[in-house]
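# A structural walkthrough
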Amino acid sequence: MKRTGEVTLGIIGIVFSALMSLLGIAFTWLSSSDARGMLEEELAADPNLAASDIPLIMDFFEMGGWVLIAAAVLGFVFGLIAVISITGNKKPKLAGWMFIAAAVLIGLISLGAGFLPAILYLIAGIMCFVRKPQQTDFDNPAL
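Described in the following lines is the structure provided in the data block. (Residues numbered from 1 in each chain as written. Predicted model: local features only at pLDDT ≥ 70, side-chain atom pairs only at ≥ 80, totals over all residues. Heavy atoms only, no water.)

Counted at 1.5 Å a residue, the expected span for helix α5 (residues 115-130) with its 16 residues is 22 Å, and the 22 Å between its end C-alpha atoms agrees. Taken together, the buried positions of α5 are occupied by Pro117, Ala118, Leu120, Tyr121, Ala124, Gly125 and Cys128. Buried residues of α5 fall within an arc of 165° about the axis and therefore sit on the same side. Seen from the open side of α5, the exposed residues pointing more than 90 degrees away from its buried face are Phe115 and Val130. (Helix = DSSP H or I, 4+ residues; strand = E, 2+ residues; numbered from the N terminus. Expected span 1.5 Å × (residues − 1). Buried < 20%, exposed > 50% of the residue type's maximum accessible area, 1.4 Å probe, protein only. Arc of directions from axis to C-beta.)

Take a look at the structure:
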């Protein structure tokens, strides 16, 4: 049985996980010393923000960046293992569990920021469990 749908969803999920890591790297870069000064100036010019809010926002960018990177790396690794194990219909149960674990980890760790790869992994994981191999006439002697 071909598992083209699961492999395709898994590869797209891997690509979105990699893009999510780039978003995390961008957040981390924004909190670095070079970009931090420019961002702090922009935030200081906003009349709706108090001066005590600026360090909190900068800490959010740094911590949020590392959280996104961690979630993306976990999703990338779990997705890659699942895609490798599903190709050729070798281990569909293992791939299903890996896809579902990747979906849960990305969804929970990133607090919903990685919902797109999480949804793709969840659909691929469910498809791994739902699709059954086709029965041939030799498997069922009653026919």
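On we go.
So, on to the nonpolar core. Core analysis: the largest hydrophobic core is formed by 21 residues, its most contacted members being Met20, Phe99 and Tyr121. For this core, the secondary structure elements donating two or more residues are α1 (4-30), α3 (53-86), α4 (92-109) and α5. Look past the residues within four positions of Tyr121 in its chain and what remains in contact with it is Gly10, Gly13, Ile14, Ser17, Gly75, Phe76, Gly79, Phe99, Ile100, Ala102, Ala103 and Ile106. With five residues, the next largest nonpolar core counts Leu39, Leu43, Met58 and Phe61 among its residues. (Core = buried A, V, L, I, M, F, W, Y, C linked by side-chain atoms within 4.5 Å. Contact = heavy atoms within 4.5 Å.)

Glancing now at the packing of aromatic side chains. As enumerated under the stated definition, the model contains two aromatic pairs in all. With centroids separated by 5.2 Å and ring planes inclined at 70°, the aromatic side chains of Trp97 and Phe129 adopt a geometry described as edge-to-face. Here Trp97 is found in helix α4, whereas its partner Phe129 is found in helix α5, with 32 residues between them in sequence. Residue Trp97 is classed as exposed on the basis of its relative accessible area of 57%. Judged by relative accessible area, Phe129 falls into the partly exposed class, the value being 23%. Each ring, one from Phe99 and one from Tyr121, has its centre 5.8 Å from the other, and the planes form 25°; the classification is stacked. Of this pair, Phe99 sits in helix α4 while Tyr121 sits in helix α5; the two residues are 22 residues apart in sequence, bridging distant segments of the chain. For Phe99, a relative accessible area of 0% translates into the label buried. (Phe/Tyr/Trp six-rings, centres within 6.5 Å; stacked < 30°, edge-to-face > 60°.)

Reported here for the largest pocket is a volume of approximately 160 Å³. Lining the largest pocket are Phe27, Phe60, Met63, Gly64, Val67, Leu68, Ile109, Ser110, Leu111 and Ala113. Counting residues per element, the lining of the largest pocket draws most heavily on α3, which supplies five residues. Per-class residue counts for the lining of the largest pocket are eight nonpolar, two polar and no charged. (1 Å grid on protein atoms, 1.4 Å probe; cavity = no way out; pocket = protein on both sides within 12 Å on 5 of 7 lines; lining within 4 Å. Points joined across faces, edges and corners; volume = space filled by probe spheres on them. Nonpolar A, V, L, I, M, F, W, Y, C, P; charged D, E, K, R; others polar.)

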